[in-house]
There are 2 protein chains.
Amino acid sequence: MIGLFDSGVGGLTVVKELVRKYPGVDFVYLGDTARYPYGNKSKETVERYAVENAKFVIDRGAKLVIVACNTASSLAMDTLRAKYPDTPFLGVIKPAAELAVADSKKSVGVVGTRATVGSGIYEEVVKELNPKLKVLQKACPLFVPLVEEGMFQDQVTKMMVRRYLMPLRQKNVESLILGCTHYPFLQPLIERFMGKKVKVINSAEAVVDKAQKMNPDLFKVSEAPKQVIAFTDTSDHLDKLASKWLKKEIRAEKAVL
Amino acid sequence: MIGLFDSGVGGLTVVKELVRKYPGVDFVYLGDTARYPYGNKSKETVERYAVENAKFVIDRGAKLVIVACNTASSLAMDTLRAKYPDTPFLGVIKPAAELAVADSKKSVGVVGTRATVGSGIYEEVVKELNPKLKVLQKACPLFVPLVEEGMFQDQVTKMMVRRYLMPLRQKNVESLILGCTHYPFLQPLIERFMGKKVKVINSAEAVVDKAQKMNPDLFKVSEAPKQVIAFTDTSDHLDKLASKWLKKEIRAEKAVL
């Protein structure tokens, strides 16, 4: 069983990628919708929530946990590993940073929530891998609500893409990390704006590939796959959103932490 | 001591109105920023959070509690009154509805979050006061993030005001209730778009006036006013936002519920 958690529905882009590549896999996904979003919360609070979320998926049988949330990946990995030393944890930061470094000689762009960008985590990880690279970051706080409204191709979204990304385009970044699990829905608009020379990196793809390499056995097709989606707060609105994103009928289980 | 609580910073528009009219008043405000926003959460979850928030302000000495949050006002008033029968609670819904009814002969417009609009609470309250009035509602989920980004006069905000409010303007509503505590920051844009004939109702003003009528003694100037602003999650970003909105230096206390 693979465990995944996120502050809300955003991490479902990782689930989407997981079942696209490995349709018969066993997984349990927890979205902490009752306390969503984590983006502007303190490190201490995010750590506490992450530990509670991890406990839920580990209790359900997860042998590897994907932290499908950029905020928790940037603030809570050390705490998670210290609390559950027997479980491997994989955040969404490092796999994406590795792809960006492989594709860039001079500069890497990063977009994310205010908290992720403010933490400087991508810069830190990219520079560990290649100290010569420049890292240019930009917080894009309106992208999450625009994605949640399904405005993937809207005129307003195009204006915000232009406004947020213009400084990165002008500085000729060679790759651009989508440092928030919601952002893959904006990937077509972002790629069009940034142009063909810029490699746009979707962290959902990157983390699924890396997890499979860490423990290929977990990614084998199960005879009767157990695929659980749970939220700490459930509603018709969330079920509809999840169903639309995953393109199948979802009725989420209510998780009590 | 007057108590106020909200899911986050939005209710500070009520504090702003309170100290504008009664600068020397004693109050304690709790913003539940660790669990913000409530807008898409279930009734059960919102009730539980509201009770915890009320306990905090009552323990601090509040003799009257303003529920400065539309979601909690629409979902949790009965639960709050049952749990704390000795404390008067005042939500933001009814005072605004009363002003709208006084200003309208045929139809009232309401804007709010998806949860507030979906609850149908404004329609219910307006129709109790005058069953002949038509109530036209519109959910405006992007207004809260636009306000939190400080984009009060932005081109993107103008486009969203136009898109959300056009159906209400076309149907000639006579009054428009701003059914979310964040929205007063958009009042100038909204008034310009709706035109002079439409009375735009700010629920912060309405609830402060009504609370003062309920218990005028609490609104007297205190010799050394105790004015507390507490958040369940504190950060520099939130302090900056609160300071900007209230136009004075705020360092919020960290509340542990």
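Only a predicted model underlies this, so the values are computations on that prediction, with no experimental measurement involved.

Trainee: Just to check I follow, could you spell out the overall build of chain A for this structure?
Mentor: Per the secondary structure count, chain A includes 12 helices and 10 strands. Taking the principal axes of the C-alpha coordinates as reference, chain A spans close to 50 × 40 × 35 Å. Counting only residues that meet the buried cut, chain A has 62% of its 257 residues in that class. Sequence-distant contacts in chain A: of pairs separated by 6 or more residues, those separated by 24 or more amount to 75%. When the accessible area of chain A is evaluated, it comes to approximately 10900 Å², of which 50% is carbon and sulfur surface.

Trainee: Would you mind showing me how to read the sheet that holds strand β5 (residues 107-112) of chain B here?
Mentor: Two modes of strand pairing occur in sheets, parallel and antiparallel, and in both the strands are linked by backbone hydrogen bonds. Residues and elements named next belong to chain B. Strand order in the open sheet made by the four strands is β6-β5-β7-β8, with parallel pairing throughout. The strands lining the two open edges of the sheet, one partner per strand, are β6 (134-139) and β8 (199-202). On average, each strand axis in the sheet is tilted by 20° relative to the strand beside it, whichever way the strands run. Two elements, strand β7 (residues 175-178) and β8, share four bridges in a ladder whose sense is parallel. Residue pairing across strands places L176 opposite V200, the latter belonging to β8. Relative to the sheet, helix α11 (residues 203-214) contacts β7 and β8, its axis offset from that of β8 by approximately 60°.

Trainee: Looking at this structure, I do not really get the interface of chain A and chain B. What am I missing?
Mentor: Reports often express the size of an interface as the amount of accessible area lost when the parts come together. Every contact between the two is made by 29 residues of chain A and, on the other side, 29 residues of chain B. Together chain A and chain B conceal approximately 2200 Å² of surface at their shared face, both sides included; 54% is due to carbon and sulfur atoms. The interface formed by chain A and chain B holds six salt bridges in total. Put simply, R163(B) and D154(A) hold a salt bridge, and the shortest N to O gap is 2.7 Å. At the boundary of chain A with chain B, the tally comes to 14 residue pairs in polar contact (both at pLDDT 80 or more). Among the secondary structure elements, those contributing two or more residues to the side of chain A that touches chain B are α2 (43-59), α8 (143-148) and α9 (155-170) of chain A. With five residues, the top contributor of residues to the side of chain A that touches chain B is α9(A). For the side of chain A that touches chain B, the per-class residue count stands at 12 nonpolar, eight polar and nine charged.

Trainee: Before we go on, may I ask you to explain the domain arrangement of chain A in this structure?
Mentor: Residue and element names in this part refer to chain A. Structurally, chain A comprises domain 1 (2-91 + 206-254) and domain 2 (93-203). The straight-line distance from the C-alpha centre of domain 1 to that of domain 2 is 22 Å. Domain 1 puts 24 residues into the contact, and the matching count from domain 2 is 26 residues. Summing both sides of the interface, domain 1 and domain 2 together bury roughly 1800 Å²; the carbon and sulfur share of this comes to 58%. On the domain 1 side of the interface with domain 2, the three residues burying the most area are N70, A206 and W245, jointly 31% of the side's total. In this assembly, domain 1 and domain 2 are joined by one salt bridge. Between E98 and K210 there is a salt bridge whose closest N-O contact spans 3.1 Å. Those elements that provide at least two residues to the side of domain 1 that touches domain 2 are α1 (12-21), α3 (70-75), α11 (203-214) and α12 (236-246). Considering each element in turn, the side of domain 1 that touches domain 2 owes the most residues, five residues, to α3.

Conventions and cut-offs
- Residues numbered from 1 in each chain as written.
- Chains lettered and ligands numbered in written order.
- Predicted model: local features only at pLDDT ≥ 70, side-chain atom pairs only at ≥ 80, totals over all residues.
- Heavy atoms only, no water.
- Helix = DSSP H or I, 4+ residues; strand = E, 2+ residues; numbered from the N terminus.
- Buried < 20%, exposed > 50% of the residue type's maximum accessible area, 1.4 Å probe, protein only.
- Contact = heavy atoms within 4.5 Å.
- Areas by Shrake-Rupley, 256 points an atom, 1.4 Å probe, with all protein chains shown as cover.
- Pairing = 2+ DSSP bridges.
- Axes fitted to C-alpha atoms, helices over the stretch in contact; angles between N-to-C directions.
- Buried area = accessible area lost by both parts, 1.4 Å probe.
- Salt bridge = Lys/Arg side-chain N within 4 Å of Asp/Glu carboxyl O.
- Polar contact = N/O pair within 3.5 Å; in protein donor to acceptor, adjacent residues only side chain to side chain.
- Nonpolar A, V, L, I, M, F, W, Y, C, P; charged D, E, K, R; others polar.
- Domains from an automatic or database assignment.

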